[in-house]
Amino acid sequence: MDVPRDQITTLMDHGLYTSAQMLGCFLVSSSAVNPETSPHIKAESLVLLGDALFREREHRRAIHTYKQALQHFKIIPRQTSTTRISFENEVKFKIASCHCALNENVAALAEMEGIPSKARNLQMNLLMGKLHRNSRQNRAAIACYKECLRHCPYVIEAIIALAELGATAKDILSLFPQTPNRSGRPPFDHFESSRWLQRYVEAQCCIASNDYKGGLELFAELLQRFPNNIHILLEIAKVEAIIGKNDEAIMNFEKVRSIDPHIITYMDEYAMLLKIKSDDLKLNKLVYDLVRIDPTRPEVFVALSVAWEKKDERGALTYADKSIQIDERHIPGYIMKGNMYLSANQPDAAVVAFRGAQELKPDLRSYQGLVRSYLALSKIKEALYVAREAMKAMPQSAKALKLVGDVHASNSSGREKAKKFYESALRLEPGYLGAALALAELHVMEGRTADSISLLERYLKDWADDALHVKLAQVFAATNMLQDALSHYQSALRINAQNEAAKKGLERLEKQMKGVDPDAPEEDEDNEVEDADGDPEEAELL
């Protein structure tokens, strides 16, 4: 043979894919290989070229080359049919992988379904599970993921997927191989070195069933055994971001970046938190780093969307859409779209976006977004239904209780019920400032200004929070206690110099103190903006 095939393999092993591809062109065009007398050699050569093209991300060319290989292999004599079938299955898997890389799930699934279930290896089952899940064929996906864990209990992707698809920890653990090995011990022993994996399974199942507290406790236990474990730190930070523990989440994201500054996973979640904190300096630095590391990841486009929202809403929405085009299952892209549509006063479009997130994996943020969207549309029944669904899914969540309270507070006849839900939320989680702010606002609406001030001042003794200061300043300003209002606006800005509600409130207050009517007609436009930004509980729900 003119071109030794093992040299292509050597080039591939060393990551020299461009050279491997060029050499492959010589190999498949060599006159020394007669496709009629040696079809298997021609087919194997084409597969080598296809592998090089795949590595170079030339997926269309790879598909075409792999299909040529299949055509040549079909003319191999029947006595070697077993080898032929095994070869065909492997090439079909490679074709499916190319279609996956091109986001062509239907074509990929069609190729994979041509491989008999008994002939699928671990890689094939994992890909099959992902494809079925993307096609919303959950029962088939579960079967494939279970098969993965029967072969190897350490396929973490399969564990997470099964937990999200509703499997219990007991179901998942029962799949792990129990056949004794030569030493007489099972390959997976819960009570020795692999106890951590059992804890990991339990943690993922807790998170998937919205038991965030239980999941965080288990992850914290794992972190003691595996300090500075980036994967665990990211899982903890993501959950903390979802449930509104923003400061803790930011701290963990920053810890991850200090360990590995090139990490991209969940960094869009971190970007959204930095936006809530109005930390533009860190946000811009994060986005710059992410674009430099890998501009093709969906997390990068969500982070770009976050950074551009204030400057160019249409551009920001385009970035969020791009993240979903790259990965249809990327939930932060839907959450970001929903929040932007709400900010742009397009609640109908926001409902669609939040529904998209919820269909993939219901979590607190999608429930919150749907409730806010339906309230903006004055669809009280739909909002109440979603809030109650959240409460059923998260019976021990103060945030879910507050959601029900928010719906009742939206009309005067339900305010007494709202008060009870807010108080229940604070009993369940005394440090939940969102419920405290909502209850304070309710007191004001009901004319109980003194109760509102007392509640906010009580919380300020334990929590130096800019949103508390803003709310208290608003209450004082409404009761004409202007000096007290001024003091609290200034305190809010000392804590967070970028707090827009405090800036707008202070600007309005200064006009009042000068005897200028802040609601004068020529200032209507400014006042509308101030009213929109001045509600800290809206910011908390984001």
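The preceding data block contains the structure.
These numbers were taken from a predicted model, which means no experiment stands behind them.

Digging into the pattern of salt bridges
Thinking step 1. The tally for this structure, following the rule as stated, stands at 29 salt bridges.
Thinking step 2. Of the charged contacts in the structure, one is a salt bridge between R136 and E359, with a shortest N-O distance of 3.6 Å. One end of the pair, R136, is in the loop between α7 (122–134) and α8 (138–151); the other, E359, is in helix α20 (residues 347–360), with 223 residues separating them in the sequence.
Thinking step 3. When its relative accessible area of 52% is taken as the criterion, R136 is described as exposed.
Thinking step 4. Judged by relative accessible area, which is 56%, E359 ranks as exposed.
Thinking step 5. Where D247 meets K277, a salt bridge forms, and the shortest distance between an N and an O atom there is 2.8 Å. Taken together, the residues D247 in helix α14 (residues 246–259) and K277 in the loop between α15 (267–276) and α16 (280–293) connect sequence positions 30 residues apart.
Thinking step 6. On the accessibility criterion, D247 (48% relative accessible area) is partly exposed.
Thinking step 7. A relative accessible area of 31% means that K277 is categorised as partly exposed.
Thinking step 8. Ionic contacts of the salt-bridge type, sharing partners, join the residues R257, K285, D289 and R292 into one network.

Here we look at the nonpolar core
Thinking step 1. Membership of the largest hydrophobic core comes to 95 residues, with the highest contact counts inside it found for L149, I172, F253 and M267.
Thinking step 2. Top contributing element to this core by residue count: helix α13 (residues 230–242), with eight residues.
Thinking step 3. Beyond its immediate stretch of four places on either side in the chain, I172 contacts L149, I159, L162, A163, A167, V201 and C205.
Thinking step 4. Formed by 38 residues, the second largest nonpolar core is a distinct cluster that contains A398, A473, F476 and L482.

Notes on the environment of R292
Thinking step 1. By the secondary structure assignment, R292 is in helix α16.
Thinking step 2. Judged by relative accessible area, which is 53%, R292 ranks as exposed.
Thinking step 3. For the pair R292 and H262, spaced 30 residues apart in the sequence, the C-alpha separation amounts to 9.3 Å.

Some remarks on α15
For an α-helix, the turn length of 3.6 residues means that residues three or four places apart are oriented alike.
Thinking step 1. By the criterion of burial, α15 is predominantly enclosed, with eight of the 10 residues buried.
Thinking step 2. Turning to α15, its buried residues number three or more, namely M267, D268, E269, Y270, A271, M272, L273 and L274.
Thinking step 3. Where the residues of α15 are buried, they touch α13, α14, α16, α17 (298–308), α19 (331–343) and α21 (364–376).
Thinking step 4. Phi turns positive one or two residues past the end of α15, at S278, with a value near 55°.

A look at the packing of aromatic side chains
Thinking step 1. Throughout the structure, instances matching the rule amount to five aromatic pairs.
Thinking step 2. Geometrically, the ring pair formed by Y200 and F219 is edge-to-face, given 6.3 Å between the ring centres and 65° between the ring planes. In this pair, Y200 is assigned in helix α11 (residues 195–208) and F219 in helix α12 (residues 212–225), connecting sequence segments 19 residues apart.
Thinking step 3. What makes Y200 buried here is its relative accessible area of 2%.
Thinking step 4. Overall, F219 belongs to the buried group, its relative accessible area being 0%.

Some details on unusual backbone geometry
Thinking step 1. Its identity as a non-glycine residue notwithstanding, N103 has a phi of 60°, on the positive side.
Thinking step 2. Positive phi, normally seen in glycine, also occurs at N228, with a value near 60°.
Thinking step 3. Assignment of secondary structure puts N228 in the loop between α12 and α13.
Thinking step 4. With relative accessibility at 42%, the residue N228 sits in the partly exposed group.

Rules and cut-offs
Residues numbered from 1 in each chain as written. Predicted model: local features only at pLDDT ≥ 70, side-chain atom pairs only at ≥ 80, totals over all residues. Heavy atoms only, no water. Salt bridge = Lys/Arg side-chain N within 4 Å of Asp/Glu carboxyl O. Helix = DSSP H or I, 4+ residues; strand = E, 2+ residues; numbered from the N terminus. Buried < 20%, exposed > 50% of the residue type's maximum accessible area, 1.4 Å probe, protein only. Core = buried A, V, L, I, M, F, W, Y, C linked by side-chain atoms within 4.5 Å. Contact = heavy atoms within 4.5 Å. Phe/Tyr/Trp six-rings, centres within 6.5 Å; stacked < 30°, edge-to-face > 60°.

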